[in-house]
Amino acid sequence: RMSSTTSNTNSNNDDDDDKDNTISLIIPTRDDMYDLGALLSTASSYPGSILLLDGDLGSGKTTLSRGFIQTLVSDDTLHVTSPTYLLCNTYPCGNNSNENENNN
């Protein structure tokens, strides 16, 4: 059983208002967590997007990230690493992928 909590915080909100901006989900399987990541990538990504994840070890951050990134770049074979121990993961996306390869 995996769980996820998402919060949309606004600096103008007080603590009581933050409760209204929180969504708690129970994600029953890894496939469902992957599908949630895929759905989020189609609904909320744009160039320069930053995705911040917070969760206990084993809560599904890598699975959600894998669904998000593989769907975003249309490559279900792309190796997506765990976001837990890294400061920054970047992945080529769209027409900029050739440009990024040339700059490395």
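Quick notes on the rules
- Residues numbered from 1 in each chain as written.
- Predicted model: local features only at pLDDT ≥ 70, side-chain atom pairs only at ≥ 80, totals over all residues.
- Heavy atoms only, no water.
- Helix = DSSP H or I, 4+ residues; strand = E, 2+ residues; numbered from the N terminus.
- Buried < 20%, exposed > 50% of the residue type's maximum accessible area, 1.4 Å probe, protein only.
- Contact = heavy atoms within 4.5 Å.
- Areas by Shrake-Rupley, 256 points an atom, 1.4 Å probe, with all protein chains shown as cover.
- Axes fitted to C-alpha atoms, helices over the stretch in contact; angles between N-to-C directions.
- Parallel < 35°, antiparallel > 145°, perpendicular 65-115°, else oblique.
- Left-handed = near helix turned anticlockwise from the far one by under 90°.
- Nonpolar A, V, L, I, M, F, W, Y, C, P; charged D, E, K, R; others polar.
- Expected span 1.5 Å × (residues − 1).

Quick word on the overall build of the chain
Per the secondary structure count, the chain includes 4 helices and 2 strands. Ordered by position from the N terminus, the helices and strands of the chain form the series β-α-β-α-α-α. Within the chain, the proportion of its 104 residues that are buried is 19%. Here the analysis covers contacts within the chain between residues at least 6 apart in sequence; of these, 43% occur between residues at least 24 apart. As presented, the chain carries roughly 8,000 Å² of accessible surface, and 48% of it is formed by carbon and sulfur atoms.

Here's the deal with the packing of helix α2 (residues 30-44) against helix α3 (residues 61-72)
The description of two packed helices rests on the angle between their axes and on the distance between the axes. Running from N to C, α2 and α3 point in directions that differ by 45 degrees, and their axes come no closer than 7 Å. Between α2 and α3, the crossing angle belongs to the class labelled oblique. Relative to α3, the crossing made by α2 is right-handed. Contact residues: α2 offers Arg30, Met33, Tyr34, Leu36, Gly37, Ala38, Leu40, Ser41, Thr42 and Ser44, while α3 offers Thr63, Leu64, Arg66, Gly67, Phe68, Gln70, Thr71 and Leu72. Partitioned by chemical class, the residues of the contact of α2 with α3 number 8 nonpolar, 8 polar and 2 charged.

Side note on α3
With 12 residues, α3 should cover 16 Å at 1.5 Å per step; its first-to-last C-alpha distance of 16 Å lies within 8% of that length. Considered for burial, the residues of α3 that qualify are Lys61, Thr63, Leu64, Ser65, Gly67, Phe68, Ile69 and Gln70. On its buried side, α3 packs onto α2. Within two residues after α3, serine 74 carries a phi angle of roughly 55 degrees, on the positive side.

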